[in-house]
Amino acid sequence: MELGPIRAICWDWNGTLLDDAEICRQVMNAVLEEHALEPLADEHAYRSVFRFPIRDFYRSVGLGDDRFVSAATTYLDLLAQRVGEAPLHSDVRATLAVLRERGIRQVLASATLPDALARQMAPHDLGEAFEAVLSIDDPFRASKHDVISRWLATSGMTAHDVLVVGDTNHDREIADDLGAEFVHFDGGHQKWAGDTRRVSTLGELIDLLGPLPVGSASAELA
C-alpha cells in the first residue's frame, strides 16, 4: 500500500541508517559481564528486548534503576571507543539520493548527544543529505520528541506531510503523537511489533512513496 503525499522524511540514525545494532549488542554484553549478568546471545535476543524508554531496556536485561546511571555511563563510554566501526546499511546512499531528486525534504533525528552523533556521522559524509540534524541533550532521557516537534513547528509543513522512518517504538510513538506517518525499518535495534507498515530494506521506501518522476535517477550521493 502506497503512502499519501509526503513532503519530508524524518530519519532515525542509529539502527535505521547506521548499521550499529551488533556493535551495541557487544557493548551491552560487556556492561552485563561487568555486572555478572547473562549476556544477550545474539542479535535476535538483543532486538527482542530492546525498547524505549531506555530504562525499560536496561531493566529487561537485569540492570534496574539502582544500577541504571552507572551502567548507562559505562555503556556510553565503551560505545564511544567504537565510533567509526559501524557501516551504513547497504542502500542508504541510493535511497537518500532518489528522495533528494524527488524534492523530498530530509532531516535526521537521533537519540544521541550532539558530539557523539557528529563523530558517528563523520566517516560517512552525509551532511549534505539533510536540511537539519536533530539530537538530544540528556543521555539518560533519550527522547527525540521535543527536537522533532520544534523542527516541525518551524518547517512550514503539517505533520501529515511528514514520514518518520525508524526502528523502535520510540520513533513510532513520536509519529503517532505528532500525527505523522510512520514506517518501521525492520533491520535495526528493535524487532517489528507486527502492527505498522514496515520495510526490510530502505530501498523499499521508494515503492511505498509511489512511482518515480520521469527522468529521475538513483545515482548515489557523491
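These numbers come from a predicted model, not from an experiment.

A. Main features of helix α8 (residues 169-178). Listing the buried residues of α8 in full gives Asn169, His170, Asp171, Ile174 and Ala175. Residues of α8 that are buried sit in contact with β1 (8-12), α7 (145-153), β4 (162-166) and β5 (181-185). Downstream of α8 by one or two residues, Gly179 has phi in the positive range, about 90 degrees.

B. Region of the structure containing the packing of helix α1 (residues 21-34) against helix α4 (residues 65-80). The geometry of α1 relative to α4 is characterised by a closest axis approach of 9 Å and an angle of 135 degrees between their N-to-C directions. On the basis of the axis angle, α1 is oblique to α4. By crossing handedness, the relation of α1 to α4 is classed as right-handed. Of the residues in α4, those in contact with Ile23, Cys24, Val27, Met28, Ala30, Val31 and Glu34 of α1 are Ala71, Thr74, Tyr75, Leu78 and Leu79. Residues belonging to the contact of α1 with α4 are distributed by class as follows: 10 nonpolar, 1 polar and 1 charged.

C. Local environment of the layout of surface pockets. Considering only enclosed or pocket space, the largest pocket measures out at about 720 Å³ in volume. Around the largest pocket sit 40 residues that line it, and Tyr75, Leu76, Leu79, Ala111 and Thr112 are the ones nearest its centre. If you list the elements that add at least two residues to the lining of the largest pocket, you get α1, α3 (54-60), α4, α6 (114-121) and α8. At 6 residues, α4 tops the list of elements feeding residues into the lining of the largest pocket.

D. The packing of aromatic side chains, seen in detail. Under the definition given, this model contains 7 aromatic pairs. Ring geometry for Phe50 versus Phe57: centroids 4.9 Å apart, planes at 55 degrees, classification tilted. Residues Phe50 and Phe57 agree in their burial class; the two are buried. Relative to Tyr58, the ring of Phe57 has its centre 5.8 Å away and its plane inclined at 85 degrees; by these criteria the two rings are edge-to-face. Pair check on accessibility: Phe57 and Tyr58 agree, each one buried. Among the aromatic side chains, those forming a connected cluster through ring pairs are Tyr46, Phe50, Phe52, Phe57, Tyr58, Phe68 and Tyr75.

E. Here's a closer look at the state of the cysteines. If you walk through the whole model with that rule in mind, you get 0 disulfides. You can see Cys10 has no disulfide; the closest cysteine sulfur is in Cys24, sitting 19 Å from it.

F. How the structure looks around the packing of α7 against α8. As a packed pair, α7 and α8 sit with axes 10 Å apart at the nearest point and diverge in direction by 40 degrees. For the element pair α7 / α8, the angle class is oblique. For the element pair α7 and α8, the recorded crossing hand is right-handed. Across the interface between the two elements, His145, Ile148 and Ser149 of α7 pack against His170, Ile174, Asp177 and Leu178 of α8. Among the residues making up the contact of α7 with α8, the classes are represented as 3 nonpolar, 3 polar and 1 charged.

G. Structural view of the pairing of strand β3 (residues 132-135). The pairing of strand β2 (residues 105-110) with β3 spans 4 bridges and is parallel. In the sheet register, Ala109 faces β3, and the bridge partner there is Leu134. In the classification by handedness, the crossover that spans β2, the intervening α6 and the parallel β3 is right-handed.

H. Region of the structure containing the nonpolar core. The biggest cluster of nonpolar side chains holds 51 residues, and the ones touching the most others in it are Ile9, Trp11, Trp13, Met28, Tyr58, Phe130 and Leu163. Looking at which element gives the most residues to this core, the answer is α1, with 7 residues. Not counting residues up to four positions away in its chain, the partners in contact with Leu163 are Leu3, Ile6, Ala8, Ile9, Cys10, Glu181, Phe182, Val183, Leu205 and Leu209. Among the nonpolar cores identified, the runner-up in size contains 18 residues, and Ala109, Ala132, Ile174 and Ala180 belong to it.

I. Representation of α1 in the model. The terminal C-alpha atoms of α1 lie 20 Å apart, and with 14 residues this matches the ideal 20 Å at 1.5 Å per residue to within 8%. For α1, the set of buried residues is Ala21, Ile23, Cys24, Arg25, Val27, Met28, Asn29, Val31 and Leu32. On its buried face, α1 sits against α2 (43-49), α3 and α4. Positive phi shows up at Ala36, right after α1, with a value of about 60 degrees.

The rules behind these values
Residues numbered from 1 in each chain as written. Predicted model: local features only at pLDDT ≥ 70, side-chain atom pairs only at ≥ 80, totals over all residues. Heavy atoms only, no water. Buried < 20%, exposed > 50% of the residue type's maximum accessible area, 1.4 Å probe, protein only. Helix = DSSP H or I, 4+ residues; strand = E, 2+ residues; numbered from the N terminus. Contact = heavy atoms within 4.5 Å. Axes fitted to C-alpha atoms, helices over the stretch in contact; angles between N-to-C directions. Parallel < 35°, antiparallel > 145°, perpendicular 65-115°, else oblique. Left-handed = near helix turned anticlockwise from the far one by under 90°. Nonpolar A, V, L, I, M, F, W, Y, C, P; charged D, E, K, R; others polar. 1 Å grid on protein atoms, 1.4 Å probe; cavity = no way out; pocket = protein on both sides within 12 Å on 5 of 7 lines; lining within 4 Å. Points joined across faces, edges and corners; volume = space filled by probe spheres on them. Phe/Tyr/Trp six-rings, centres within 6.5 Å; stacked < 30°, edge-to-face > 60°. Disulfide = S-S within 2.5 Å. Pairing = 2+ DSSP bridges. Right-handed = clockwise from strand over helix to strand, strands pointing away. Core = buried A, V, L, I, M, F, W, Y, C linked by side-chain atoms within 4.5 Å. Expected span 1.5 Å × (residues − 1).

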